[in-house]
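This is what each chain is made of:
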Protein chains: 2
Amino acid sequence: MPKLGMEPLRRRQLIEATIEAIHDRGMNGVTMGDIARRADVSPALAHHYFGSKDELLNATLRHLLAEFALEIRHRLRGTPAPRDRIKAVIDGSFGAEQFRPAVISAWLAFYMQSLHDAAAARLLSIYLKRLETNLRHDLKALMPAQEAATAARGIAAMIDGLWLRAALPTLHSSPEAAIALVDDYLAGVIARHGR
Amino acid sequence: MPKLGMEPLRRRQLIEATIEAIHDRGMNGVTMGDIARRADVSPALAHHYFGSKDELLNATLRHLLAEFALEIRHRLRGTPAPRDRIKAVIDGSFGAEQFRPAVISAWLAFYMQSLHDAAAARLLSIYLKRLETNLRHDLKALMPAQEAATAARGIAAMIDGLWLRAALPTLHSSPEAAIALVDDYLAGVIARHGR
DNA sequence: TAGCTTTAATTGACTGATCAATCAATAACC
DNA sequence: GGTTATTGATTGATCAGTCAATTAAAGCTA
């Protein structure tokens, strides 16, 4: 069996399995056995590649951040118009990958973790601040700085709220509806404060 | 020690202790020992009054819902003007009790639980829908039904998002700032669609 | 190219710790 | 004497982490 170069593949598999496992066991309820079963390997292998459960969970959180940042960056590249850039951030936030139930669960677990884990809190708040900064920067091209700052916070909060509600299966919300709501908010802000 | 009538007191103590314990151990990471220590009783007593860890956690979730519903109902009582009623819902959502870090943590844990626990999901979505219905009903007095429905979803989402962000200590957001943001959104919607 | 060595990949079996749940015992009240 | 409150001790299960053993590929040598 031992083909060489398995490490990157296994790491990816195990991280993906961790996301799925968190989805239906919760951040702390998840066991190395759960994860390993989903990745079709032995629990020992997870320890072999990640050293400990904590490191595997951390790697998973960092993976979420990286994927999201990549998605946004990809959409922003080659998009110079402020209004389009704002739209790109909104669309990216509700992109297919971010809307997967298991991914939303993992993000929620990440928030939960941040409440009592300083390292996770630092990572998460960096991402949140960068998102807001991006929005504020482009909004400033459309309206006075004061209003831009307020609108950035409002849009960021609304995105998080819609995404939180999307996590609940019983509310069956669609990405399209979420995008429409934020777009509407943005249009209103521009109508009132835009120049 | 055994004075009679300890049961209601102990139940309250244990539920409060559970909220605190969830705050710094996470929903699944919390142990009966953690909870009991915080309530200054033995783990066995928690089992005596709640039967199992699951039942204690369920009781805690139901406590959160009940407290929140009570707070909103209290603020709505004797408030007939639609605009004031909407404000009451917003203010209630960011009231002192709901802004306690431990309470926000417990709410987050509740959301997390809802992802893989149908009973919790049912409870939570009932509360979310009722909140939105309340908002929509009063908004309809101020604008056409279509716009009222959209605004209700937007306000509800923004409240959840702001509250989610308030959970992060590093973002140090205040209830006043959150209220101001939602008020601003509401004012904009009324300015555009109000009659 | 046939053998020999090294190294990566992988696992089953084991260990020690933790924890939910049980229960019998004790203590104070009526 | 009966009831409520409370606990310490115990048990059985679960789980993270370790380790020695196994497999197979890759590299080396003559």
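The structure reproduced in this document is the subject of the present report. (Residues numbered from 1 in each chain as written. Chains lettered and ligands numbered in written order. Predicted model: local features only at pLDDT ≥ 70, side-chain atom pairs only at ≥ 80, totals over all residues. Heavy atoms only, no water.)

**What about the relation of the copies chain A and chain B?**
Aligned on chain B, chain A shows an RMSD of 0.0 Å; the corresponding rotation is 180° and the shift along the axis is 0.0 Å. The two molecules are tied by a two-fold rotation axis, judged by turn and shift. Rotation axis and chain A: the residue whose C-alpha lies nearest the axis is G161(A), separated from it by 1.8 Å. A shared interface surface links the copies, since 100% of the contact residues of chain A are contact residues in chain B too. (Least-squares fit on C-alpha atoms with pLDDT ≥ 70 in both. Contact = heavy atoms within 4.5 Å.)

**Remarks on the interface of chain A and chain B**
Tallying the contact residues gives 45 residues for chain A and 45 residues for chain B. With both sides pooled, the region where chain A packs onto chain B buries about 4,000 Å², and carbon together with sulfur makes up 70% of that total. Taken as a group, M112(A), L115(A) and R165(A) account for 18% of the area that chain A buries against chain B, more than any other trio of residues on that side. Across the pair D184(A) and R192(B) runs a salt bridge whose closest N-O atoms are separated by 3.9 Å. Summed over the shared surface of chain A and chain B, the number is six residue pairs in polar contact (both at pLDDT 80 or more). With twelve residues, the top contributor of residues to the side of chain A that touches chain B is helix α9 (residues 145-166) of chain A. The residue inventory of the side of chain A that touches chain B, partitioned by class, reads 23 nonpolar, 13 polar and nine charged. (Buried area = accessible area lost by both parts, 1.4 Å probe. Salt bridge = Lys/Arg side-chain N within 4 Å of Asp/Glu carboxyl O. Polar contact = N/O pair within 3.5 Å; in protein donor to acceptor, adjacent residues only side chain to side chain. Helix = DSSP H or I, 4+ residues; strand = E, 2+ residues; numbered from the N terminus. Nonpolar A, V, L, I, M, F, W, Y, C, P; charged D, E, K, R; others polar.)

**Considering the packing of helix α1 (residues 6-25) of chain A against helix α2 (residues 32-39) of chain A**
All names here are of chain A. The contact between α1 and α2 brings their axes to 8 Å, and the two run at 125°. Looking at the two axes, α1 sits oblique to α2. Two packed elements cross with a definite hand, and for α1 against α2 that hand is right-handed. Along the contact surface, α1 presents Q13, L14, A17, T18, E20, A21, D24 and R25, while α2 presents D34, I35, R38 and A39. Across the contact of α1 with α2, the residue classes break down as five nonpolar, two polar and five charged. (Axes fitted to C-alpha atoms, helices over the stretch in contact; angles between N-to-C directions. Parallel < 35°, antiparallel > 145°, perpendicular 65-115°, else oblique. Left-handed = near helix turned anticlockwise from the far one by under 90°.)

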